[in-house]
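# Close look at the chain arrangement
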Amino acid sequence: MGFAEIIRWAGSALLVILPVSGLAVAGVDYADSRRAGLWLQDPVCGGPSFDAFVHAPHNPLHRGAPPFEWPVNSFFFPDPVSGNRYIYIGDYPEGYAARPSRCVLLRSANRGQSWSNLGVVLEGSKELFDQGGATPDVSVVYADGRYHMVYDWVEPDWSQLGGLAYAWAEKPEGPFHRAPQPITRNKELTPLLGKYQRTYAATLLRGSMIG
């Protein structure tokens, strides 16, 4: 699969699980009720065999607590520079949209044997486009000496006032410098299949320039 570890969410705690194999499904409308059997598959990694997962003995790594009861959509990042492992956690309040969400960061310097909570690594700002303060879910890659992040942002009306945005940092821990304008604004997008108009929880992949 190309990944050593994947982070999953169960209840209000984050767990580390080790995948063995996966199967990607492309060109499928996942919102179609006829595809309900695919809803538990990861949109990037596909559908691994959950029966083959081995849970790490030191779980859970992080528990939700008021006012952020629902830690979800975490991103695992093995830093190629320091060798440390990081987990960026989308820290949500119960009910998701009731209050602003944020991103918190865990770090392991011993290959996941123990983890330190480094606190909030990304949150909204009334000075920028995401005045509602919700910037929970991120994806990070390292390239050209910097750590590049794409993240989602939302206002109280998730269907219209939200989208994707970009930030960069010199270290995985930040500080992350946020671009003054977002990558996407949902209300300005052309609906996909005539009905889907929301970008959310993007995955950032490193590629190569062509041409």
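Residues numbered from 1 in each chain as written. Predicted model: local features only at pLDDT ≥ 70, side-chain atom pairs only at ≥ 80, totals over all residues. Heavy atoms only, no water.

### Description of unusual backbone geometry
- Residue P60 is bonded to the preceding N59 through a cis peptide linkage, with omega at -5 degrees.
- Its location among the elements puts P60 in the loop between β3 (54–55) and β4 (62–63).
- Going from P66 to P67, the amide bond is cis rather than trans, its omega being 5 degrees.
- Examined against the element boundaries, P67 turns out to sit in the loop between β4 and β5 (70–78).
- Even without being glycine, N73 reaches a positive phi, approximately 50 degrees.
- Inspection of the secondary structure puts N73 in strand β5.
- Even without being glycine, R111 reaches a positive phi, approximately 60 degrees.
- With respect to the helices and strands, the residue R111 is situated in the loop between β7 (102–108) and β8 (116–122).
- Here R111 falls in the exposed class, since its relative accessible area comes to 61%. (Helix = DSSP H or I, 4+ residues; strand = E, 2+ residues; numbered from the N terminus. Buried < 20%, exposed > 50% of the residue type's maximum accessible area, 1.4 Å probe, protein only.)

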